[in-house]
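For reference, the chains in residue letters:
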Amino acid sequence: MQDVAIVDTSIFCNILDIPRRNENRDQVMEELKAYLESNTKLLLPMAVIYETGNHIANAKGANLDGNKRRKLAETFVQQVQMAITGDAPWRVLEVPTTQEIKDWLTKFPDSAMKGAGMADLSIIQEWYKLREKIPNQRVFIWSLDQHLQGYSSHRKS
């Protein structure tokens, strides 16, 4: 069975090559190649889509003019649209329900005390949900953020 990776914003920004958010691009692209070769299923949470779009809109850099920002935004839109239609190596996770968001909000104060924002909390909660939904597959969060790297389940035999 194939592994399932929940792609974090830190990874998606490197893949899209967003200035000042692409410091680990070579490493991420090597990992992406390895995951694709091993048929790892890559999933994009809605929080990652929102955060990445915000990073593009607010990107700064010596060589980032309006044309380059627009090109980044268009690449982002193309990649997310392809994920929705199944034409990209990743798929978009379902939009969370109102009840899920309510549940996450009850956990947010504790999450905030650990330095994890609402987006990170939602990614962690998606990991818990997938781990229960597909217990016979390894599910992990693919992230450069240390506080998200420990989330990995093992296949049940």
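Refer to the structure above for everything that follows.
The structure reproduced in this document is the subject of the present report.

Parameters and conventions
Residues numbered from 1 in each chain as written. Predicted model: local features only at pLDDT ≥ 70, side-chain atom pairs only at ≥ 80, totals over all residues. Heavy atoms only, no water. Helix = DSSP H or I, 4+ residues; strand = E, 2+ residues; numbered from the N terminus. Rg over C-alpha atoms; globule rule 2.2 N^0.38 Å. Buried < 20%, exposed > 50% of the residue type's maximum accessible area, 1.4 Å probe, protein only. Contact = heavy atoms within 4.5 Å. Areas by Shrake-Rupley, 256 points an atom, 1.4 Å probe, with all protein chains shown as cover. Lys, Arg positive; Asp, Glu negative; His and termini not counted. Charge placed at Lys NZ, Arg CZ, Asp CG, Glu CD. Core = buried A, V, L, I, M, F, W, Y, C linked by side-chain atoms within 4.5 Å. Salt bridge = Lys/Arg side-chain N within 4 Å of Asp/Glu carboxyl O. Pairing = 2+ DSSP bridges.

Okay, the overall build of the chain next. Broken down by element type, the chain carries 7 helices and 4 strands. Reading the chain from its N terminus to its C terminus gives the helix and strand order β-α-α-β-α-α-β-α-α-β-α. Expected size for 157 residues packed as a compact globule is a radius of gyration near 15 Å; at 16 Å, the chain falls within 12% of this value. Principal-axis analysis of the C-alpha atoms places the extent of the chain at approximately 50 × 40 × 30 Å. By residue count, 39% of the 157 residues in the chain fall in the buried class. When contacts within the chain are restricted to residue pairs at least 6 apart in sequence, long-range pairs at least 24 apart make up 65% of them. For the chain, the exposed surface amounts to about 9,200 Å²; the carbon and sulfur share of it is 50%. Within the chain, one finds 20 positive and 20 negative side-chain charges whose respective centroids are separated by 2 Å.

The subject of this paragraph is the nonpolar core. Generally speaking, nonpolar side chains in soluble globular proteins are found buried as a group. Counting residues in hydrophobic clusters, the biggest one holds 38 residues, and the most contacted among them are Phe12, Leu42, Trp90 and Trp142. If you list the elements that add at least two residues to this core, you get strand E1 (4–7), helix H1 (9–16), helix H2 (25–37), strand E2 (41–44), helix H3 (46–57), helix H4 (66–85), helix H6 (118–133) and strand E4 (139–142). Broken down by element, the residue count for this core peaks at 5 residues, all from H1.

Right, let's get into H1. Taking burial as the measure, the 8 residues of H1 include 8 buried ones, the bulk of the element. Of the residues trailing H1, Asp17 is marked for its positive phi of about 65°.

Below, the discussion takes up the pattern of salt bridges. Two side chains of opposite charge can pair, provided their charged atoms sit close to one another. Within this structure, the stated rule accounts for 6 salt bridges. Between Lys33 and Glu37 there is a salt bridge whose closest N-O contact spans 3.9 Å. Placement of both Lys33 and Glu37 in helix H2 is noted, with a separation of 4 residues, approximately one turn of the helix. Judged by its relative accessible area of 58%, Glu37 is exposed. Within this structure, Glu100, Glu126 and Lys129 form a network of salt bridges that share partners.

On a regular strand, one side chain projects to one face of the sheet and the next to the other, so that they alternate. Here 3 bridges tie E1 to E2, and the two strands are oriented parallel to one another. Counted as the bridge partner of Val4 is Lys41 from E2. The sheet contact formed by E2 and strand E3 (residues 90–92) spans 3 bridges and is parallel. When the sheet's bridge partners are listed, Leu44 is paired in E3 with Val92.

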